[in-house]
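Residue strings, one per chain:
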Amino acid sequence: MPTIHWVEEADKEEKRKQLEEEIRDKLEKEAPSVVTSDPLPKAASLGSTQNKPEQAATHPTIKLTKRNVLIAAGAAAAVVIVALVVLMVSRGTQQQSLNINFIDGISYFNKGAYDDAIAAFTRSIEVNPKHSDSYSWRGVSYSNKGQTDLALADQNTALRLNPKNGQAYSRRGINYAAKGQKDLAITDCKKALQLTPNDKFVLNNCGNIYNSLGEYDMAIQTYSRAIDIDPNFIGLYPNRGDVYFTKGEYDLAIADYNRAIELDPNNAVVYASRGNAYYMKGEYDHAISNSNKAIELDLNNALAYGIRGGAYHMKGEYDQAIAELSKAIELEPNNIFAYSTRGEDYRMKGETEKSIADLNKAMELDPNYAQGYFTRGESYRVNNQYDQAIAELTRAIELYPNYILAYGSRGAAYAQKGQYDQGIVDLDKTLELDPNNAFAYYFRGEVYRVEEQYDQAIADATKAIELNPNDAASYGSRGESYLWNNQLDQAITDCNKAIELEPNYTGAYAVRGVAYSQKGDKNRAIADLEKAIELDPDYQWAKDKLKEIRGE
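Residues numbered from 1 in each chain as written. Predicted model: local features only at pLDDT ≥ 70, side-chain atom pairs only at ≥ 80, totals over all residues. Heavy atoms only, no water.

Caption draft 1: Just the packing of helix α28 (residues 522-535) against helix α29 (residues 540-550), in detail. Where α28 meets α29, the closest approach of the two axes is 9 Å, and the angle between their N-to-C directions is 155°. Here α28 is positioned roughly antiparallel relative to α29, judged by the angle of their axes. The interaxial crossing formed by α28 with α29 has left-handed handedness. On α29, the residues that touch Lys 522, Ala 525, Ile 526, Leu 529, Glu 530, Ala 532 and Ile 533 of α28 are Ala 542, Lys 543, Lys 545, Leu 546, Ile 549 and Arg 550. Its residues placed into classes, the contact of α28 with α29 shows eight nonpolar, no polar and five charged. (Axes fitted to C-alpha atoms, helices over the stretch in contact; angles between N-to-C directions. Helix = DSSP H or I, 4+ residues; strand = E, 2+ residues; numbered from the N terminus. Parallel < 35°, antiparallel > 145°, perpendicular 65-115°, else oblique. Left-handed = near helix turned anticlockwise from the far one by under 90°. Contact = heavy atoms within 4.5 Å. Nonpolar A, V, L, I, M, F, W, Y, C, P; charged D, E, K, R; others polar.)

The following block contains the structure:
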């Protein structure tokens, strides 16, 4: 159940406290003569934001996952309304106690002290068992504690006492949505809007209901109606932005987060959300700068650390990524994304045991986390544990049948294991799903080379180079295919490029040495093969070729 937050608008905490004191003074000094059947009206509400997780993509994501928040009440609006209505309350200590208890409940709610809020609203109900709003607000407090059944019972009572309480309908709809009762949730939302069609708070609540049920277009439409009513209503923009984010419409999400930041420049969660959208767009420097601002405002913002860690990961700065993701895990011990991405960072650093430990933790938290199976499979593959790799990657594909990276990695594992036919099948599938996948072209070219289909091997390596011009391995692979295809000058040119990109590329020195040998340049051949053996003293193929050239 999403947490309901209290968001201040123009008035700050000090002003709110001052208004509450004025209310209490009025209760003590004067009690007006007008009696109403419902002494305190339904309080107004303002929105806030909270993180919700995001799902795996073809690279680590921070599904991070974002907000789906019921807007509860605005401090300034609620207190001012209470102040006005208190002047219309009948004389008597019981009525005064009711109002004081109710005000206390809202004050505690504002501070996030939900147990104290529940106790205060309960005292208000004890004084006046027919006060609809005390039940409704107590229900909201229960919602924030995740006690959905108690929340639902209170909203039912609130509506029995006051069938025209639009706020209570929208709040009950949130409870139904939390229980997965979609039809009842939408029915309550429609009823709330029928009773209060222009209530921006009810509209926001209904937007959250639609969002939580996956009705994203309806959520956007509902938030937009509320924005039309009040363009300066802060909470609506991050909520609508979150829906755009979920739909993958990151530019629209960023536009809404920009507007939210204009209205509230000190909202750490919105900076983190904007950073997440930039992350998903591949604009990692913007993701980092927004995360920096979020952490400056809130040192315990786990989402921001996760985004910053993910961005450093994508930039290849693995040590920095590990530090950030470790902080995210410290703040949020069940952060699947952080474990999974940190596991990938450890894998890239060659720390396989740490990698697998992190991935095991991610899978413990979510046994159906496809990205975790993929990353763990990759860790096994680079550690030459091909059977384990294939098993993990197969599970990832079962969970996500179009998982491009998993097909590519499994194809590579089959190829490295010597099961070339299965490797080709998976690599073909990878290229069917992603015709610009350089990894798949490289490995398929390797399979063709091993099977002595040199023209196909050269064609695939060439395509891999077009897609990734700085990949030394693709030049090395094509260079070797040129060697065996007796295209010696092309082989030497490709090996030169591979060594330029990766000066310690052992295989490129060996292949170039053999090419020089076949061209009759014995001295260069010997120098290259000796360099290859210097880099890898166990390189038997290079040793054998060197002996041949020396006539040993």
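Now that the structure has been shown, the text picks up again.
Caption draft 2: Focus on the packing of helix α18 (residues 352-365) against helix α19 (residues 370-382). The N-to-C vectors of α18 and α19 enclose an angle of 160°; their axes lie 9 Å apart at closest approach. Our classification of the angle between α18 and α19 gives roughly antiparallel. The two elements α18 and α19 meet at a crossing, and its hand is left-handed. In this structure, α18 uses Thr 352, Ser 355, Ile 356, Leu 359, Asn 360 and Met 363 to contact α19, whose residues at the interface are Gly 372, Tyr 373, Thr 375, Arg 376, Ser 379 and Tyr 380. The residue makeup of the contact of α18 with α19, split by class, is five nonpolar, six polar and one charged.

Caption draft 3: Just the side chain of Asn 165, in detail. Following the sequence through the fold, Asn 165 ends up in the loop between α6 (148-161) and α7 (166-178). Classification of Asn 165 by relative accessible area gives buried; the value is 0%. Within the structure, Asn 165 has its side chain in polar contact with the side chain of Ser 132 (distance 3.2 Å). (Buried < 20%, exposed > 50% of the residue type's maximum accessible area, 1.4 Å probe, protein only. Polar contact = N/O pair within 3.5 Å; in protein donor to acceptor, adjacent residues only side chain to side chain.)

Caption draft 4: Local environment of the state of the cysteines. Applying the stated criterion across every chain, the model contains one disulfide. Residue pairing for Cys 189: its cysteine sulfur links by disulfide to Cys 206, the two sulfurs lying 2.5 Å apart. Separated by 17 residues along the polypeptide, Cys 189 in helix α8 (residues 182-195) and Cys 206 in helix α9 (residues 200-212) bring together distant segments of the chain. Residue classification places Cys 206 among the buried positions, given a relative accessible area of 0%. (Disulfide = S-S within 2.5 Å.)

Caption draft 5: Region of the structure containing the packing of aromatic side chains. Enumeration according to the criterion identifies 13 aromatic pairs in this entry. Judged by centre distance (5.2 Å) and plane angle (50°), the rings of Tyr 400 and Tyr 403 are tilted. Three or more aromatic residues joined by ring pairs form one cluster here, namely Phe 102, Phe 109, Tyr 114, Phe 121 and Trp 137. One residue, Lys 200, lies across the ring of Phe 233, its end atom 5.2 Å from the ring centre. The residue whose ring lies beneath Lys 429 is Tyr 407, and the NZ or CZ to ring-centre distance is 6.0 Å. (Phe/Tyr/Trp six-rings, centres within 6.5 Å; stacked < 30°, edge-to-face > 60°. Lys NZ or Arg CZ within 6 Å of the ring centre and 35° of its normal.)

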